[in-house]
Amino acid sequence: MAASGDTYTITLNKAHLEWGTHRHTNSRGQIYGEGYIPIPAQYARSYSIHNSNHNQTGLGFNEFNCTSTDGYFNDTVKAAGCSSKGSIYAKNLEGSGNLQAFGKWFSQINAKVGDSIEVTWTSSTDIKIRHY
């Protein structure tokens, strides 16, 4: 389980900013405004960031209160997805029940390809995100 002080930084690419429309599968129709923050596999494993395949789910396990340093984002996020079928390690953060949560924030802050997002756990249940 991720703990206070655990942090990582990613560089945004087009798929993160346009998840609902920039896709490599036809598994569903296009949905504008979706976005996500990836979790690099090394951090998912070392910080024990689990998805719903893990035996414990909910706040502090695969869901977190998330706020941004700019004050525009304040929502519950979920650690989800996996890189291989059945894996318990998450590969991205997404709005819990709202895949447009990060897309809205990306739009508000004018995020673009090449920008960085820092993700920091401030407790086992809380995350702070910073755009730069």
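Residues numbered from 1 in each chain as written. Predicted model: local features only at pLDDT ≥ 70, side-chain atom pairs only at ≥ 80, totals over all residues. Heavy atoms only, no water.

**Q** Talk me through the side chain of Ser116; I want residue IDs and the actual numbers.
**A** For Ser116, the location among the structural elements is in strand 6 (residues 116–121). Excluding its chain neighbours within four sequence positions, the residues that come into contact with Ser116 are Thr9, Ile10, Thr11, Arg130, His131 and Tyr132. (Helix = DSSP H or I, 4+ residues; strand = E, 2+ residues; numbered from the N terminus. Contact = heavy atoms within 4.5 Å.)

**Q** Go over the nonpolar core, please, and point to the residues and values.
**A** Counting residues in hydrophobic clusters, the biggest one holds 28 residues, and the most contacted among them are Ile37 and Leu93. Elements with a contribution of two residues or more to this core: strand 1 (7–11), strand 3 (63–68), strand 4 (74–80), helix 3 (101–108), strand 6 and strand 7 (126–131). Among the elements that make up this core, the one with the highest residue count is helix 3 (four residues). In contact with Leu93, not counting residues within four places along its chain, are Tyr8, Tyr36, Ile37, Ile39, Val77, Lys78, Ala79, Phe102, Val119 and Ile127. (Core = buried A, V, L, I, M, F, W, Y, C linked by side-chain atoms within 4.5 Å. Buried < 20%, exposed > 50% of the residue type's maximum accessible area, 1.4 Å probe, protein only.)

**Q** Describe the pattern of salt bridges, with residues and values.
**A** This model, assessed by the stated rule, comprises two salt bridges. Close ionic contact of Asp115 with Lys112 constitutes a salt bridge, the shortest N to O distance being 3.3 Å. One salt bridge in this structure joins Glu118 and Arg130, with 3.3 Å as the shortest N-O distance. Taken together, the residues span a long stretch of sequence, with Glu118 in strand 6 and Arg130 in strand 7 at a distance of twelve residues. (Salt bridge = Lys/Arg side-chain N within 4 Å of Asp/Glu carboxyl O.)

**Q** An account of the sheet that holds strand 1 is needed here, citing residue identities and associated values.
**A** The strand order 1-6-7-3-4-5-2 describes an open sheet built from seven strands, whose pairing is mixed. Among the strands making up the open sheet, the edge pair consists of strand 1 and strand 2 (37–38). Both strand 1 and strand 6 contribute to a ladder of five bridges, which runs antiparallel. From the neighbouring strand, Ile10 faces strand 6, where its bridge partner is Ile117. Strand contacts of helix 3: strand 2, strand 3, strand 4, strand 5 (92–95), strand 6 and strand 7, with the helix running at about 90° to strand 5, the strand carrying the most contacts. (Pairing = 2+ DSSP bridges. Axes fitted to C-alpha atoms, helices over the stretch in contact; angles between N-to-C directions.)

**Q** For the pairing of strand 3, give the residues involved together with the corresponding values.
**A** Of the two faces of strand 3, the one holding Phe64, Cys66 and Ser68 is buried and the one holding Glu63, Asn65 and Thr67 is not buried anywhere. Pairing between strand 3 and strand 4: five bridges, direction antiparallel. What sits directly across from Glu63, in strand 4, is Lys78. Following strand 3, the chain reverses through five residues before pairing antiparallel with strand 4; Gly71 in that reversal takes a positive phi of roughly 85°. Strand direction decides the pairing type here: strand 3 and strand 7, joined by four bridges, are parallel. Considered in strand 7, the bridge of Thr67 is made with Lys128.

**Q** Report on the environment of Lys112, specifying residues and quantitative values.
**A** By the secondary structure assignment, Lys112 is in the loop between helix 3 and strand 6. In sequence terms Lys112 and Leu12 are 100 residues apart; their C-alpha atoms lie 7.1 Å from each other. Ignoring anything within four residues of it in the chain, the contact list for Lys112 reads Leu12 and Leu17.

**Q** Just give me the short version of the packing of aromatic side chains, but keep the residues and values in it.
**A** Tallied over the full model, the rule gives nine aromatic pairs. Measuring from centroid to centroid gives 5.6 Å for Phe64 and Trp121, while their planes differ by 90°, and the two rings are edge-to-face. Of this pair, Phe64 sits in strand 3 while Trp121 sits in strand 6, and the two are 57 residues apart along the sequence. Each of the two residues, Phe64 as well as Trp121, counts as buried. The rings of Tyr8, Tyr43, Tyr47, Phe64 and Trp121 are connected pair by pair, giving a single aromatic cluster. (Phe/Tyr/Trp six-rings, centres within 6.5 Å; stacked < 30°, edge-to-face > 60°.)

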